[in-house]
Amino acid sequence: MSATSTQTRPGRTTDPAPRGPVARPGSRLLHRMVWLRLSLLLSAPLAWMLLVYVVALAALLITSLWSVDSLSSEIDRSWTLDNFRTLLENEVYRKVALRTVGVAAAVTVIDVAIALPIAFYMAKVASPRVRRMLVVAVLTPLWASYLVKVFAWRIVLSEGGLAEWTGIGSPGYGLTAVVITQAYIWLPYVILPIYAALERVPDSLLEAAGDLGAPTGMVLRSIVLPLLVPGIVAGAIFSFSLTMGDYITVNIVGGASQMLGNLIFINAGAANNLPLAAAIAMIPIVVMLVLLTAIRRTGALENL
Amino acid sequence: MTLSPLARRVLAGLTFGVLALIYLPLLIVVANSVNPSQSMTWPPRGVTFEWWERAAHSSGVREALVTSLQVAVVATALALLLGTLLALALQRYSFFGKSSVNLLVILPIALPGVVTGIALNNGFKGILGVDLSIWTIVIAHATFCIVTVFNNVQARLRRLGTSLEEASADLGAGVLTTFRLVTLPQLRSALLAGGMLAFALSFDEIIVTTFTAGNGATTLPIWILNNMFRPNQAPVVNVVAVVLIVFSILPVWLAQRLSSDVEAAR
């Protein structure tokens, strides 16, 4: 019942309806008019996404060009670039933006470094039985509550907590704690796409390379790694974007340090400056858009 | 390519070591829920069920749980409907702007959560002038839950192909009859898996929720966030956390079994 099936068979003039009583007139109409079927399918979800999300994003951009009247604290709807000027000129915003991107990059690098050998073991070394077990074991905490995981790290890193008790020592609450916690939370999101990419690499390819005399390191470097790039990129996008948008973890284990999410939250709520919050939100949007366009060229986006 | 036994052992050790590290913090939360010390210092001295009892009698926890369940149920229902329609449209037809629609569905989870949160917050409060309530949470959750249903159903449709549907049409069944008797039964487990993941996603969501909840509605994650920093409530938060670990793992594990497809879980 593909869209083209009715058109690619010009010889078929029989209407299916006379066959039996099942097809009612409305159904016959639907069968003949592909565009009608398609628009009936698309209209509700598309309207939802456009009305709820696209309009909200566009409104966010517009709001970032407004300002807040300092006397009445009402939103002043005249166009101004003041918010963006504030972001550029005030050193605090530059620092926080750099810190946020830095933390997101660190988390991503750590997660990819840990995920590569684990995904490789799961896909290419472990026996099928162990592999199935490992997939479930990696996937399960993926959906275990986010807040519980951050809370768990707060307990582990707290004064008199497990980290101190074992003698490893706790870094305390701060940026290090944020990086550890975030790397922990998003790790399954990075392992999965890399594992999926590795699973698609045929074993025979690796065996052939080995039989032809390539040392293991060379096989990994020149055959496995290039095939993994889309998976790595997909995982990296997840961990980078998720870290950049987070502010809860920073609140719970970050101590005094702040990230962009905190500034957005404070300005949208307590500081009652929605336009400034909207302008700050443009930073992660722009960073993600730049990232996505840069990656688009590698063709990795199709695998997301 | 041959891996030396040593390399294999190192890889295995690394994998199981990291897995142990992944589960360790979760086990600590479980252990702490019976830790008599209110400040949760380590190691625990003894076992107590006092916190479990207090959690069971906390009306705040119960109300938040009910709110979370209500939000998740409605958001999942909406996501199931919209996600299935989208998957059918994108998987069975080709049309102008198809890749844009595809991108549009992914956008709410590809962009940082704080962006989705502030955009919806601003849309509701600043543009529409709507007060934040349980309904604004539902709308926000449904928006990013659509993608999980969409992914599951689309993957299933791709595997199914169209031959059965074509056979049904050739035998004279109408479009709706074919959908009801041929397509839908084959989609059932994909819908169940997608719905469960959407439910878990909504039940767990905190960042977007803080921006769309207002004062009227408290979901369970918001309750946890509000009480985590209150010293005399922290042990109760611990108990709630344990319950959440169990309840978020069960349906997801089930969904895993049903879809038996790594891609579907994303």
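Residues numbered from 1 in each chain as written. Chains lettered and ligands numbered in written order. Predicted model: local features only at pLDDT ≥ 70, side-chain atom pairs only at ≥ 80, totals over all residues. Heavy atoms only, no water.

Here the focus is the overall build of chain A. For chain A, the helix and strand inventory stands at 13 helices and two strands. Of the contacts formed within chain A by residues at least 6 apart in sequence, a portion of 66% connects residues at least 24 apart. Just so you have it, chain A exposes about 14200 Å², and 64% of that area is on carbon and sulfur atoms. (Helix = DSSP H or I, 4+ residues; strand = E, 2+ residues; numbered from the N terminus. Contact = heavy atoms within 4.5 Å. Areas by Shrake-Rupley, 256 points an atom, 1.4 Å probe, with all protein chains shown as cover.)

Another aspect to go through is a nonpolar patch on the surface. On the surface, a cluster of nonpolar side chains totalling about 360 Å² of accessible area is made up of V243, V246, F247 and L250 of chain B. For L250 of chain B, the location among the structural elements is in helix α11 (residues 234-259). (Patch = residues over 30% accessible without salt bridge, like charges linked within 9 Å, V, L, I, M, F, W, Y side chains within 5 Å. Salt bridge = Lys/Arg side-chain N within 4 Å of Asp/Glu carboxyl O.)

As a further point, take the UniProt feature "transmembrane region" (unreviewed entry) in chain A. All names here are of chain A. Summarizing the sequence annotation, UniProt attributes the feature "transmembrane region" (unreviewed entry) to residues 34-62, 96-121, 133-153, 173-198, 219-242, 248-267 and 274-295 in the numbering used throughout. Annotated as residues 248-267, this span is 70% helix and 0% strand, and its ends, taken at the C-alpha atoms, are 15 Å apart. Helix makes up 100% of residues 274-295 and strand 0%, with an end-to-end C-alpha separation of 31 Å. (UniProt positions renumbered as here; feature names shortened; annotations may be inferred.)

All names here are of chain A. On inspection of all chains with the given rule, the structure shows three salt bridges over all chains. Notably, a salt bridge pairs D203 with K124, separated by 2.9 Å at the nearest N-O pair. Residue D203 is located in helix α9 (residues 203-211), and its partner K124 is located in helix α4 (residues 91-125); the two are separated by 79 residues in the primary sequence. Taking the relative accessible area as the measure of exposure, D203 reaches 43% and is therefore partly exposed. (Buried < 20%, exposed > 50% of the residue type's maximum accessible area, 1.4 Å probe, protein only.)

Counting 167 residues, the largest nonpolar core has L147 and I248 of chain A together with I118 of chain B as its most contacted members. When residues no more than four places from it in sequence are discounted, the contact partners of I248 of chain A are Y146 and L147 of chain A together with I206, I207, T210 and L225 of chain B. (Core = buried A, V, L, I, M, F, W, Y, C linked by side-chain atoms within 4.5 Å.)

A few words now on the environment of T218 of chain B. Residues and elements named next belong to chain B. With respect to the element layout, T218 can be found in the loop between α9 (207-212) and α10 (220-227). Take T218: its relative accessible area is 30%, and that puts it in the partly exposed class. Taking C-alpha positions, T218 is 19 Å from C145, a pair spaced 73 residues apart along the chain. When residues no more than four places from it in sequence are discounted, the contact partners of T218 are E63, A64, T67 and W223.

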